[in-house]
Amino acid sequence: METAIAYNQLMTYNKKYSYVQSGGQVVFNNHWAWIVVFQSLNKRNFAIVKYFNGSYSVIEV
């Protein structure tokens, strides 16, 4: 469920690279905060979606 929500947030972000939902992996989840990492299609870049305190943040690395 976190992966789908994070992917939707990623699609609303002004992203530089292309991502697919199946490329997402939950790396931290304690049920009130979580972090999902997506690998881009070029296999060199990543997008990190963080949920905490009711807000989302997206970072591309």
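These figures come from a predicted structure and were not determined experimentally. Counting restarts for each chain: residues are numbered from 1 in the order of the written sequence. With the structure being a predicted model, the display of local features is reserved for residues of pLDDT at least 70 and the display and counting of side-chain atom pairs for 80 or more, all residues being used for whole-chain, interface and lining totals. The side-chain quantities take in all heavy atoms of the structure and omit both hydrogens and water.

Chemist: Would you mind going over the nonpolar core with me for this structure?
Modeler: Where a protein is soluble and globular, its nonpolar side chains tend to be buried together. Joining through side-chain atoms within 4.5 Å is the link that ties buried Ala, Val, Leu, Ile, Met, Phe, Trp, Tyr and Cys residues into a set, and such a set is a nonpolar core. The rule is simple: take the accessible area with a 1.4 Å probe, protein chains only, and divide by the maximum for that residue type; under 20% is buried, over 50% is exposed, in between is partly exposed. Judged by nonpolar contacts, Ala6, Tyr7, Leu10, Tyr19, Trp34, Val36, Phe38, Ala47, Val49 and Val58 together constitute the single largest core of 10 residues. Note on conventions: DSSP H or I runs of at least 4 residues are helices, E runs of at least 2 residues are strands, and numbering of each starts at the N terminus. Where this core is concerned, the elements lending two or more residues are α1 (2-12), β2 (33-40) and β3 (46-52). Apart from residues lying up to four places away in sequence, Tyr7 is in contact with Tyr19, Val20, Gln21 and Phe38. Any two residues having at least one pair of non-hydrogen atoms within 4.5 Å are treated as being in contact.

Chemist: I tried to follow the packing of aromatic side chains on my own but got confused; where do I start?
Modeler: Between rings of Phe, Tyr and Trp, where Trp is taken as its six-membered ring, a pair exists when centres lie within 6.5 Å; planes separated by under 30 degrees are stacked, by over 60 edge-to-face, and by other angles tilted. Overall, the coordinates contain 5 aromatic pairs when judged by the stated rule. Note on Trp34 and Tyr56: the rings are 5.9 Å apart at their centroids and 55° apart in plane angle, and the pair reads as tilted. With Trp34 in strand β2 and Tyr56 in strand β4 (residues 55-60), the pair connects residues that are 22 residues apart, well separated along the chain. Take Trp34: its relative accessible area is 6%, and that puts it in the buried class. Here Tyr56 falls in the partly exposed class, since its relative accessible area comes to 34%. Seen in terms of ring centroids, Tyr51 and Tyr56 are 4.9 Å apart; in terms of plane orientation they differ by 45°. Their pairing is tilted. What links up through ring pairs into an aromatic cluster is the set Trp34, Tyr51 and Tyr56.

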